Amino acid sequence: MVDKIYNFGAGPAMLPEPVMQQIQKEWLDFEGMGVSIIEISHRAKEFVAVLDEAQSLFRELTGLPDNYRVLFVHGGARMQFSALPLNFAGRVPSRKCLYVESGNFAGLAAKEAKTFCDMEIIASSAEADYNCIPELDSGQIDQDAAYLHITSNNTLYGTRWNQFPETGKVPLIADMTSELLSRQIDYNKFGVVYAGLQKNLGPSGMAMVIVRDDLLGYAEKKTPTLLNYTQCDKDNSLTNTTNTFAVYVIKLVLEWLKGQGGIAAIEQLNEQKSARLYKVIDGSDFYRSIAQPKHRSIMNVSFKLAIEGLDVKFLEEANDVGLYALKGHRNVGGVRASIYNPMPLAGVEKLASFMEEFECKNG
Ligand SMILES: *Cc1c(COP(=O)(O)O)cnc(C)c1O
């Protein structure tokens, strides 16, 4: 038995320990009500206060400009792949929506959009096996398009956009599922930012959508009510019964993040954590980075072992010492260390040392 397990799972992922303890502590008795947070109405004033607090903490931490709305929606990130074209393609007569294919989820987003709009992929790194963010020239962006969609952090390959594209008057939409709140972002650059919660924020099955208010009001008539962001905004994310537990957990995670010093502080720590692992990878021929150094993620560190087949042993032995869920995605193979905000530096240190020792014994 090892005393401490570090969970490197890509999602659902680890949550901060103090958050888990708080949930446990007030599970049977929320704020002296004598009932659990998951047993009260989504319209009860105590729950609405939790939801309001989650929204205002998000605003405070991100410095979100006032003209952006914060929505909690159903169906995780991929439900938004359908909701985006339904809500925004109608902004322009051509119903043209542009996509950059920088990885697995980026491709799925584009594929889903095809059903609902005139979808066009304007850049792709498929030929490079997604080891980088594709080149994108601003001249390639049709100024009459409804939006341009990117995936800011590519969870499987461990790549990210360091600089976001200049899109002119075309709203930029970003799937930030695997990196929301991990680095400072200028939200003014975006029309919409969205994220499934299960990586940096809380339980699976829900998403946050941050939308600039002038983009609301264009949903197609056929848009299902629960995918309609304008309706969701009108109802303060309570059109129907929301996942009250998830909203409660987000609030706790945001409080925790504030206690850590906010996004600037966590970004610095995330830089430090990822640099520790990349140093081991770059310092040897035994490990091979999957992402090109110029586009590396600070959330998902993906690599392979140079010796074919040795990753099975690596993963087994890592698991035996309490380094859990390091297996790379089935499309990519190898090893992936997801080191989201809640992963402490100690977990990364332990993994880095394990990697060095494993190389000594097997290299
Ligand atoms: C995990 C992930 C998704 C899928 O999220 P679901 O909530 O399972 O739909 C989509 N996009 C990115 C970038 C992801 O990392």
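Residues numbered from 1 in each chain as written. Predicted model: local features only at pLDDT ≥ 70, side-chain atom pairs only at ≥ 80, totals over all residues. Heavy atoms only, no water.

Student: Could you give an account of the overall build of the protein chain, with specific residues and numbers?
Tutor: Assigned secondary structure in the protein chain consists of nine helices and 14 strands. Relative to its length of 363 residues, the protein chain is compact, with a C-alpha radius of gyration of 21 Å against a globular reference of 21 Å. Expressed along its principal axes, the backbone C-alpha trace of the protein chain runs to roughly 60 × 60 × 30 Å. Here the protein chain, with 363 residues, has 57% of them falling under the buried criterion. Expressed as a percentage of contacts within the protein chain between residues at least 6 apart in sequence, the contacts between residues at least 24 apart total 69%. Here the protein chain has roughly 15,500 Å² of accessible surface; of this, 48% comes from carbon and sulfur atoms. Here the protein chain carries 36 positive and 44 negative side-chain charges, and the mean point of each set is 3 Å from the other. (Helix = DSSP H or I, 4+ residues; strand = E, 2+ residues; numbered from the N terminus. Rg over C-alpha atoms; globule rule 2.2 N^0.38 Å. Buried < 20%, exposed > 50% of the residue type's maximum accessible area, 1.4 Å probe, protein only. Contact = heavy atoms within 4.5 Å. Areas by Shrake-Rupley, 256 points an atom, 1.4 Å probe, with all protein chains shown as cover. Lys, Arg positive; Asp, Glu negative; His and termini not counted. Charge placed at Lys NZ, Arg CZ, Asp CG, Glu CD.)

Student: So what's going on with the domain arrangement of the protein chain? Residues and values would help.
Tutor: What the domain assignment reports for the protein chain is domain 1 (19-259) and domain 2 (262-362). Using only C-alpha atoms to locate each centre, domain 1 and domain 2 end up separated by 27 Å. Together domain 1 and domain 2 conceal approximately 2,300 Å² of surface at their shared face, both sides included; 52% is due to carbon and sulfur atoms. Broken down by secondary-structure element, the contributors of at least two residues to the side of domain 1 that touches domain 2 are α2 (45-62), β7 (159-160) and α6 (244-259). In terms of residue count, the dominant contributor to the side of domain 1 that touches domain 2 is α6 (three residues). Classifying every residue of the side of domain 1 that touches domain 2 by side-chain character gives nine nonpolar, 12 polar and five charged. (Domains from an automatic or database assignment. Buried area = accessible area lost by both parts, 1.4 Å probe. Nonpolar A, V, L, I, M, F, W, Y, C, P; charged D, E, K, R; others polar.)

Student: For the packing of helix α7 (residues 262-282) against helix α9 (residues 345-362), give the residues involved together with the corresponding values.
Tutor: Between α7 and α9, whose axes approach to 9 Å, the crossing angle comes to 0°. On the basis of their axis angle, the class for α7 and α9 is roughly parallel. The segment α7 lies against α9, with L269, Q272, K273, R276, L277, V280 and I281 engaging L345, V348, E349, L351, A352, S353, M355 and E356. Partitioning the contact of α7 with α9 into residue classes produces nine nonpolar, two polar and four charged. (Axes fitted to C-alpha atoms, helices over the stretch in contact; angles between N-to-C directions. Parallel < 35°, antiparallel > 145°, perpendicular 65-115°, else oblique.)

Student: Before we move on, can you summarise the packing of aromatic side chains with the specific residues and values?
Tutor: Between two aromatic rings, the relevant description is the distance of the centres plus the angle of the planes. Tallied over the entire structure, the rule returns 17 aromatic pairs. Centroid distance F30 to Y248: 5.8 Å. Interplanar angle 90°. Geometry classified as edge-to-face. With a gap of 218 residues between them, F30 in the loop between α1 (17-25) and α2 and Y248 in helix α6 connect regions that are remote in the sequence. Each member of the pair, F30 together with Y248, is buried. When the centroid spacing of 6.1 Å and the interplanar angle of 55° are considered together, the rings of F286 and F358 count as tilted. (Phe/Tyr/Trp six-rings, centres within 6.5 Å; stacked < 30°, edge-to-face > 60°.)

Student: Before we move on, can you summarise the site of the ligand with the specific residues and values?
Tutor: The immediate surroundings of the ligand are formed by 13 residues, with R78, T155, D175, Q198 and K199 found nearest. Here an oxygen atom of the ligand and a backbone polar atom of A77 are 2.9 Å apart. At 2.7 Å from a nitrogen atom of the ligand is found a side-chain nitrogen or oxygen belonging to D175. For the ligand, the protein covers 86% of the area, taking 390 Å² as the surface of the free molecule. Here the shell around the ligand takes four residues from helix α3 (residues 76-88), the largest share from any one element. Residue classes in the shell around the ligand are distributed as three nonpolar, seven polar and three charged. (Near = heavy atom within 4 Å. Polar contact = N/O pair within 3.5 Å; in protein donor to acceptor, adjacent residues only side chain to side chain.)

Student: Describe the pattern of salt bridges, naming the residues involved and giving the relevant values.
Tutor: In this structure the tally under the stated criterion is 15 salt bridges. Its salt-bridge partner being D142, residue K96 comes within 3.5 Å of it at the nearest N-O pair. Placement of the pair is K96 in strand β3 (residues 96-101) and D142 in the loop between β4 (118-124) and β5 (147-151), with a sequence separation of 46 residues. Overall, the relative accessible area of 19% leaves K96 in the buried class. Several salt bridges share partner residues, and in doing so they unite K96, E120 and D142 into one network. (Salt bridge = Lys/Arg side-chain N within 4 Å of Asp/Glu carboxyl O.)

Student: Any chance you could break down the nonpolar core for me, citing the residues and the numbers?
Tutor: Core analysis: the biggest nonpolar cluster contains 59 residues, and F58, L148, L180, M208, I210 and L254 have the highest contact counts within it. With 10 residues, the single largest contributor to this core is α6. Ignoring sequence-local partners within four residues, the contact set of F58 consists of L64, V70, L180, L181, Y187, M208, I210 and L254. Judged by nonpolar contacts, the second largest core, of 31 residues, contains A89, A109, F116 and Y229. (Core = buried A, V, L, I, M, F, W, Y, C linked by side-chain atoms within 4.5 Å.)

Student: Can you explain the sheet that holds strand β8 (residues 172-175)? Please cite residues and give values.
Tutor: Strand order in the open sheet formed by seven strands is β2-β10-β9-β8-β5-β3-β4, with mixed pairing between adjacent strands. Of all the strands in the sheet, the pair left with one neighbour each is β2 (68-74) and β4. Going from strand to strand, the sheet's axes swing by 20° on average, the running direction of each strand aside. Here α2 sits on the sheet and contacts β2 and β10 (206-212); the angle it forms with β2, its principal contact strand, is near 130°. Packing of α3 onto the sheet brings it into contact with β2, β3, β5, β8, β9 (192-196) and β10, and relative to β9 it is tilted by some 155°. (Pairing = 2+ DSSP bridges.)

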